[in-house]
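# Chains, contacts and geometry: an overview
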Amino acid sequence: MRTALPHILYIDDDEGIRRLVSRALGRKGFDVSLAASGAEGVKMTEAGAFDLIAVDHYMPGQDGLATLEVLRALPDCPPIVYVTGSEESRIAVAALKSGADDYVVKSVGAEFFDLLESSFVQVLERAQLRREREQAEIDLRASNARLEALLKEVNHRVANNLQMVMSFIALQAKSLPDDAARETLQKTQQRIATVAQVNRRLYTTDDVEFVAMDDYLGGLAADLSESWSTSAARREVVADVEAIKLSTDKAVALGMIANEWVSNACKYAYGEAGSGRVRIFLREVDGDLLELAVEDDGCGMPSNGAVRGTGLGTRLIEAMARTHRADVKYGTPDSGSSGTRASITLPLRRGDRPR
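Attention here is on the structure that accompanies the text. (Residues numbered from 1 in each chain as written. Predicted model: local features only at pLDDT ≥ 70, side-chain atom pairs only at ≥ 80, totals over all residues. Heavy atoms only, no water.)

### Here's the deal with a nonpolar patch on the surface
Taken together, Leu147, Leu150, Leu151, Val154 and Val158 make up a surface patch of nonpolar side chains, about 380 Å² in accessible area. Assignment of secondary structure puts Leu147 in helix α5 (residues 110–174). Among the residues examined, Leu147 registers a relative accessible area of 45% and is labelled partly exposed. (Patch = residues over 30% accessible without salt bridge, like charges linked within 9 Å, V, L, I, M, F, W, Y side chains within 5 Å. Areas by Shrake-Rupley, 256 points an atom, 1.4 Å probe, with all protein chains shown as cover. Salt bridge = Lys/Arg side-chain N within 4 Å of Asp/Glu carboxyl O. Helix = DSSP H or I, 4+ residues; strand = E, 2+ residues; numbered from the N terminus. Buried < 20%, exposed > 50% of the residue type's maximum accessible area, 1.4 Å probe, protein only.)

In structure tokens, the structure reads:
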């Protein structure tokens with residue numbers, strides 16, 4: 001199949017030059033249309049489809065620069081090569097600043113037509129590359145939009161499935177007569193809820209890759225307050241979290257750790273009948289470290305350091321700390337009050353934060 005010739009509009013008030021350009025460029029493989037003035041060239045551009053326009057500088061009435069300005073204001077204006085008989089650089093600079101893609105100095109003889117051909121070929125190639133790049137960007141944006149929609153749907157379904165699993169566990173826990181077994185299932189349910197919260201936030205926001213930790217840990221704190229509070233004892237869980245976005249895996253790990261520490265504080269710090277507050281902190285340290293801490297004002301850790309409960313939560317935290325090369329510490333709150341402070345400090349790596 002024969003490819004269509006590049007369609008060129010050549011604007012010049014000199015009839016002899018127009019005829020020479022038409023013949024010479026025709027032999028070089030161009031389809032050439034001619035305009036005798038800037039105004040005529042603008043009308044032809046509005047009515048026709050050209051691959052490239054060449055504009056002469058010296059024309060009576062509306063000169064080349066004025067014509068160039070009008071052409072550039074048209075929608076979808078093709079690339080423009082500016083032609084001038086002057087070797088003054090200021091004219092070429094003015095044309096390029098006004099939107100010309102290239103310029104050629106007019107001369108006598110075949111050299112001028114060779115220069116025109118070379119300029120046209122280069123400008124047309126650049127225009128083709130630009131169109132291909134723009135189309136690739138459009139295709140990439142469309143692909144990203146489809147991918148984001150797919151990821152939102154996946155996160156939606158994962159959150160729904162996790163919610164269903166939590167419901168099954170809740171039903172199973174209610175049917176168990178053993179208090180210890182029932183408590184174990186309830187803790188499992190809360191751990192699943194911690195993961196489900198991440199997926200729920202990923203499909204309800206515009207960002208499907210990173211989790212806003214202030215929103216996430218704030219929601220987790222509210223859920224834990226409700227879960228651990230009773231009519232006799234209020235457990236107020238509050239989050240003091242910097243506006244940090246983290247990758248999903250890092251957010252899930254920190255959420256799981258916060259859940260374990262808050263649950264331990266709610267269960268052991270204030271006794272069964274005592275009300276109290278538990279605080280969650282998250283902040284950047286020295287620019288490349290992240291610190292998560294949970295504090296209470298309760299009775300503090302046992303003097304012998306013994307782990308209360310089954311120890312599963314402690315083992316989970318130790319495993320996640322090893323995975324993320326983190327440092328875990330236990331002590332008293334920074335305020336110096338009684339109680340317990342548990343903290344984990346982990347490095348921020350490339351990919352943990354949005355760029």
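### Some remarks on the packing of helix α8 (residues 248–268) against helix α9 (residues 312–323)
In the contact formed by α8 and α9, the axes pass within 10 Å of each other and the chain directions differ by 150 degrees. For the element pair α8 / α9, the angle class is roughly antiparallel. Note on packing geometry: the crossing formed by α8 with α9 is left-handed. Contacts from Ala253, Met256, Ile257, Glu260 and Trp261 in α8 reach Gly313, Leu316, Ile317 and Met320 in α9. Of the residues belonging to the contact of α8 with α9, the class tally is 7 nonpolar, 1 polar and 1 charged. (Axes fitted to C-alpha atoms, helices over the stretch in contact; angles between N-to-C directions. Parallel < 35°, antiparallel > 145°, perpendicular 65-115°, else oblique. Left-handed = near helix turned anticlockwise from the far one by under 90°. Contact = heavy atoms within 4.5 Å. Nonpolar A, V, L, I, M, F, W, Y, C, P; charged D, E, K, R; others polar.)

### Describing the side chain of Asp352
Among the secondary structure elements, Asp352 is positioned in the segment after β12 (341–347). Overall, the relative accessible area of 8% leaves Asp352 in the buried class. In contact with Asp352, other than residues within four places in its own chain, are Phe210, Lys245, Leu246, Ser247, Lys250 and Pro347.

### Overview of unusual backbone geometry
Among all residues save glycine, negative phi is the norm, and among peptide bonds the norm is trans. Unlike most non-glycine residues, Asp76 shows phi in positive territory, near 55 degrees. Take Asp76: it is sitting in the loop between α3 (64–72) and β4 (80–84). At Arg325, a residue that is not glycine, the phi angle is positive and equals roughly 55 degrees. With respect to the secondary-structure elements, Arg325 resides in the loop between α9 and β11 (327–331).

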